[in-house]
Amino acid sequence: MKKVKIALMGLGNVGRGVWMILNSNKEEIMKRSGYEVEVAKILVRDINKKRGFEVPRNILTTDFNDIIEDDSIKIVVEVMGEIEPAREYMLAAMDRKKHIVTANKMLLATGGDELFEKADKEGVMFNYEASVAGGIPIINGINESLTANKVERLYGIVNGTTNYILTKMEYDGLDFSEALKGAQDMGYAEADPTSDIEGFDSQYKLAILSSLAFGTKINVEDVYREGITKIESIDIEYAKEFDRVIKLLAIVKDNDGILDLRVHPTMIPENHPLANVNDSFNAVLIRGNAVGDLMFYGRGAGDLPTGSAVVSDIVSILRSNIDIDNLNPVVKNNLWKKEFNAINEINSKYYIRLTVEDRPGVLGEITSVFGGMNVSLKSVIQKGIESSENKVTLVLVTHDSKEVNIHNAINSVCNLNSVYKINNLIRMEDFT
Ligand code: NAP
Ligand code: HSE
């Protein structure tokens, strides 16, 4: 049996998963890759940290040079997170002809080109399956299995933390911060959970996925983003009235070469398969012009699911019979030129929750403003729930409308004396 030495950079949630799988599935990995994999070094911040599992102390290091200067280490696995020093270390490792596996979506989405170009230049492999949707093999799915298709639509629940929070709020009645604490305890959340709850993590993942799916360079700024922090239990309850659930959805639609790229809370029909993707599970639905609708489903976060994707990337390097002169380009994101729609240009149905004065004629004032802006209302609910004296909650649901008209209507409605507050606006999706 041939042996190969690798190094891990990071031994947190994902690093632990990788370490566990390399040990527990040693035989499977040996038989499938043809190599016995030895973890020669693990870079951490603090060697003395209690980790709750066995790891030989002599392979832990805080000095990156122990990895870079060891020519017997052939693969470097980056599971540290953040931009620096991960970027610097991966570039240096590639300089020394080491292959790379990374789970770092933030770095890939914001500065991936530099890394991909370096990998091409040095003739090393650069794999990043774990960067999107944890254990789901979506990167390989798009890169390998869907290349015969023109992708028309992509819808994803790609953040485990927010999906866990929304599920706990909906089914267990937890409040937002209790649910977030649960996601952190389970190792789903980023070191700074703002990245999850404000939608940045999904934005990075959508930029990575859609660059591959649409063969075009997509910058993070091209993706409109909203997180879930404005979602309240009352919105979840109203969604039920419309037979819908709320999910943080990443959406791309190709409208004849113009892409809508967006991440935002979305009310979706409760009988759609994505509505039943709960807890830390993720799913990506892709509509190809040949294959039709295809859905990938699985655990989107956590040590072992993510470790599974990382280790499969290691095995894929070992199985590739690397021929430096014949490597495929790492990324093919310059095949087509696309344009991007601003969020104001999209068409959608909308749920709008307002607090208004409870007196005769108010409903008429508000609905006529929407009518004047060419927004047709599908339903209006006023349940007489008093928020406080003489205030009442009003919920409007529109037919398909252009977003700019919705914003114009909301701006005008805000000028009415009878309207106290626009509490929330949530887009609705019917997957047509
Ligand atoms: P984590 O639990 O915070 O672990 C980070 C690890 O990196 C720790 O072991 C830490 O060392 C080490 N580290 C950080 N900065 C370092 C530095 N400057 N020098 C040396 N070591 C350093 O993070 P994680 O949840 O495993 O996530 C790691 C990466 O995987 C991130 O890019 C994340 O976005 C991605 N990812 C995470 C998940 C998930 O479910 N958590 C899923 C998919 C992708 P110490 O242990 O000594 O502090
Ligand atoms: N924080 C991320 C999530 C980890 O919750 O989905 C997986 O990428």
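Here, the structure is the one placed above.
Here the structure is a predicted model, which is why all the values come from computation and not from measurement. (Residues numbered from 1 in each chain as written. Chains lettered and ligands numbered in written order. Predicted model: local features only at pLDDT ≥ 70, side-chain atom pairs only at ≥ 80, totals over all residues. Heavy atoms only, no water.)

A. Structural context of the overall build of the protein. A count of helices and strands for the protein gives 14 helices and 18 strands. Since a compact globule built from 432 residues should have a radius of gyration of about 22 Å, the 24 Å found for the protein is in line with a globular shape. For the protein, the proportion of its 432 residues judged to be buried stands at 55%. Sequence separation of 24 or more characterises 73% of the internal contacts of the protein that already satisfy a separation of 6 or more. On the protein, roughly 19,000 Å² of surface is accessible, and the fraction owed to carbon and sulfur atoms is 46%. Computing the positive centroid from 49 side-chain charges and the negative centroid from 63, the protein places the two 3 Å apart. (Helix = DSSP H or I, 4+ residues; strand = E, 2+ residues; numbered from the N terminus. Rg over C-alpha atoms; globule rule 2.2 N^0.38 Å. Buried < 20%, exposed > 50% of the residue type's maximum accessible area, 1.4 Å probe, protein only. Contact = heavy atoms within 4.5 Å. Areas by Shrake-Rupley, 256 points an atom, 1.4 Å probe, with all protein chains shown as cover. Lys, Arg positive; Asp, Glu negative; His and termini not counted. Charge placed at Lys NZ, Arg CZ, Asp CG, Glu CD.)

B. Geometry of the pairing of strand S10 (residues 258-269). Here S10 lies mainly inside the structure; 11 of its 12 residues are buried. Where strand S8 (residues 224-225) and S10 come together, 2 bridges link them in parallel fashion. Bridged to Tyr-224 within S10 is Arg-262. Taken together, the 12 bridges between strand S9 (residues 244-255) and S10 define a ladder with antiparallel strand orientation. When the bridges of S10 are listed, Leu-248 appears paired with Pro-265. (Pairing = 2+ DSSP bridges.)

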